[in-house]
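# Notes for the structure review
Residues per chain, in single letters:
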Amino acid sequence: MLGLLVAVLALALAYFALLDGWYLVRVPWAVLRARLLQPRVRDLLAEQSYAGRVLPSDLDLLLHMNNARYLREADVARAAHLTRCGVLGALRALGAHTVLAASCARYRRSLRLLEPFEVRTRLLGWDDRAFYLEARFISLRDGFVCALLRSRQHVLGTSPERVVQHLCKRRVEPPELPEDLQHWIAYNEASSQLLRAESGLSDIVKDQ
């Protein structure tokens, strides 16, 4: 019995030492919870909330939430969001998937130890290659927007238009993207062109 306990503890130690253990648990749990325990969200553009709290493991040397943790929390919230609105299910049905192609973050105020917050995620729109999402980190102490993240989810194996059509059973025109988001998309495209030129690649080659 003691040997079994030691083996279990050794495996647990190896799991958390060698792998990003909590992340590998939280994302599947967020997806399962969204699929099985939460109601389906029919409106693709509706905002959804994901609750969180700043834990000691989230802190940096300045004793506020590390900037990298915002990206992780947004990742978990985005997985739950895309599950509840049906996008992940539609991608699976079409034999496709998405990858995070770009993100940007603006930090406005620190989140402190044990401070409760919500990640409010919404789909801003899509183009011929990607979905664009926004995540706002809202302090539940006073409602302040502590951080704002934008992300570009590149669709592989199909197109965003087909995903939306699969969900809505009809063709849907994408909403007009916010002006600041259009500037960010233009920046990403200019950056891609520059990197392709530096690598000696043809303009025909697109980022994956």
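Here the structure is shown first, and the text comes after it.
A brief look at the structure comes next. (Residues numbered from 1 in each chain as written. Predicted model: local features only at pLDDT ≥ 70, side-chain atom pairs only at ≥ 80, totals over all residues. Heavy atoms only, no water.)

### Regarding the nonpolar core
Counting residues in each nonpolar core, the largest one holds 21 residues, and the members touching the most others are Leu111 and Phe137. At the level of secondary structure, the elements contributing two or more residues to this core comprise α2 (21–36), α3 (67–84), β3 (116–126), β4 (130–139) and β5 (145–156). When residues in this core are grouped by element, the largest group, six residues, is from α3. Apart from the residues lying within four places of it in its own chain, the contact partners of Leu111 are Val54, His64, Met65, Tyr70, Phe117, Phe137, Ser139 and Cys146. By size, the runner-up hydrophobic cluster in this structure holds 15 residues, among which are Leu44, Leu82, Leu91 and Val164. (Core = buried A, V, L, I, M, F, W, Y, C linked by side-chain atoms within 4.5 Å. Buried < 20%, exposed > 50% of the residue type's maximum accessible area, 1.4 Å probe, protein only. Helix = DSSP H or I, 4+ residues; strand = E, 2+ residues; numbered from the N terminus. Contact = heavy atoms within 4.5 Å.)

### Overview of the packing of α2 against α3
Describing two packed helices takes the angle between their axes plus the distance from one axis to the other. Taken N-terminus to C-terminus, the directions of α2 and α3 make an angle of 25°; their axes are 8 Å apart at the nearest point. Between α2 and α3, the crossing angle belongs to the class labelled roughly parallel. For α2 against α3, the interelement crossing comes out right-handed. Between α2 and α3, the residues in contact are Tyr23, Arg26, Val27, Ala30, Val31, Ala34 and Arg35 and Arg72, Glu73, Asp75, Val76, Ala79, Ala80, Thr83 and Arg84, respectively. Taken together, the residues of the contact of α2 with α3 sort by class into eight nonpolar, one polar and six charged. (Axes fitted to C-alpha atoms, helices over the stretch in contact; angles between N-to-C directions. Parallel < 35°, antiparallel > 145°, perpendicular 65-115°, else oblique. Left-handed = near helix turned anticlockwise from the far one by under 90°. Nonpolar A, V, L, I, M, F, W, Y, C, P; charged D, E, K, R; others polar.)

### What to know about the environment of Glu161
Along the polypeptide, Glu161 turns up in helix α5 (residues 160–168). For Glu161 and Arg42, which are 119 residues apart along the polypeptide, the C-alpha to C-alpha distance reads 17 Å. Aside from chain neighbours lying at most four places away, what touches Glu161 is Trp126 and Arg171. Looking at Glu161, its side chain comes within polar contact range of the side chain of Arg171, at 2.7 Å. (Polar contact = N/O pair within 3.5 Å; in protein donor to acceptor, adjacent residues only side chain to side chain.)

### Some details on the packing of aromatic side chains
This structure, assessed with the given rule, holds four aromatic pairs. With centroids separated by 5.0 Å and ring planes inclined at 65°, the aromatic side chains of Tyr70 and Phe137 adopt a geometry described as edge-to-face. With Tyr70 in helix α3 and Phe137 in strand β4, this pair connects stretches of sequence that are 67 residues apart. In this structure, Tyr70 and Phe137 share a single accessibility class: buried. Between Trp126 and Phe131, the aromatic rings sit 6.3 Å apart at their centres with planes inclined by 65°, giving edge-to-face as the arrangement. Phe131 carries the same exposure label as Trp126, and that label is buried. Members of the aromatic cluster, each reached through a chain of ring pairs, are Tyr70, Tyr107, Phe117 and Phe137. (Phe/Tyr/Trp six-rings, centres within 6.5 Å; stacked < 30°, edge-to-face > 60°.)

### A look at the side chain of Ser139
The topology assignment puts Ser139 in strand β4. What makes Ser139 buried here is its relative accessible area of 1%. Reaching out from Ser139, the side chain makes a polar contact with the backbone nitrogen of Arg141 at a distance of 3.2 Å. Leave out the neighbours within four places in its chain, and Ser139 touches Arg109, Leu111, Glu115, Pro116, Phe117, Phe144 and Cys146.

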